[in-house]
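# Structural characterization, general
Below, each chain spelled out in residue letters.
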Amino acid sequence: PSQIATAMASAAGDTAGHSCSDDSCNDTSLGGGSATATSTTNDNDINESIPEWQGSIPFSVYILDDITKDISSIFDRPPQNIDICHYLEAQQYPTRRLYFSPETYPPPANDEEMEYEKINKSVTWMSLKKDVKTAAHDAGNPVISNGG
C-alpha cells in the first residue's frame, strides 16, 4: 500500500521529500514512461486515427491554365464552378490562376484605389469577401477573415 500511495503522490505532483530537477520526478513505475512521452504517444495515435480534413469553398471563377496566354481570352467563356480549396497551396500542377468575375467584382480603376486602406473598404472587396464567406459557410466550412 505504501508504494501505491507514493506512486499516486508522485503522479499528482507531490514532491515532498524528493530532490529532483525539471524532468527527474517523472514516475515510471505506473505508466512505464514519463507523462510527456505518454502524452506525445497519445497525440500521435489520435492524429493517425483522424482522417485528413480538407475544406471546401465552391465558387464561380475563371481559370487561366497557361500563364503565357492573354488573360482576356479566359473571359470569352463562362466562369467555371469549382472548389477553390483544390487550388490552394499549389495543389494543382501546373499551377493555375483563378480570376473572379470582373463584372461581379470589378477591379480597382486606378492605383489610388489599390491603397490598403481603400481596397479593404471598397464595395467590391466587401462583396467578394461576403460571397466567399457565404459559399464556405453553405458548404459547411465557415471561414473567418484575418484582417481585411
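Summary of the structure given here. (Residues numbered from 1 in each chain as written. Predicted model: local features only at pLDDT ≥ 70, side-chain atom pairs only at ≥ 80, totals over all residues. Heavy atoms only, no water.)

Next up on the list: the sheet that holds strand 1 (residues 58-64). The sheet built from three strands is open, its strands ordered 2-1-3 with antiparallel pairing. This sheet does not close on itself; its edge strands, each paired only once, are strand 2 (80-83) and strand 3 (97-99). In this sheet, adjacent strand axes meet at a mean angle of 65° when their direction is disregarded. (Pairing = 2+ DSSP bridges. Helix = DSSP H or I, 4+ residues; strand = E, 2+ residues; numbered from the N terminus. Axes fitted to C-alpha atoms, helices over the stretch in contact; angles between N-to-C directions.)

Turning to the nonpolar core, a few remarks are in order. Ile-57, Phe-59, Val-61, Ile-82 and Ile-84 are the most contacted members of the largest nonpolar core, which has 13 residues in total. If one sorts the elements of this core by residue count, helix 4 (residues 123-138) sits on top with four residues. Beyond its immediate sequence surroundings of up to four residues, Val-61 is in contact with Pro-79, Gln-80, Ile-82, Ile-84, Leu-98, Tyr-99 and Phe-100. (Core = buried A, V, L, I, M, F, W, Y, C linked by side-chain atoms within 4.5 Å. Buried < 20%, exposed > 50% of the residue type's maximum accessible area, 1.4 Å probe, protein only. Contact = heavy atoms within 4.5 Å.)

A word on the pairing of strand 1. Where burial is concerned, most of strand 1 is hidden: five out of the seven residues are buried. Where strand 1 meets strand 2, four bridges bridge the pair, whose relative direction is antiparallel. The partner of Phe-59 across the bridge, within strand 2, is Ile-82. The sheet contact formed by strand 1 and strand 3 spans three bridges and is antiparallel. Bridge pairing in strand 3 links Leu-64 to Arg-97.

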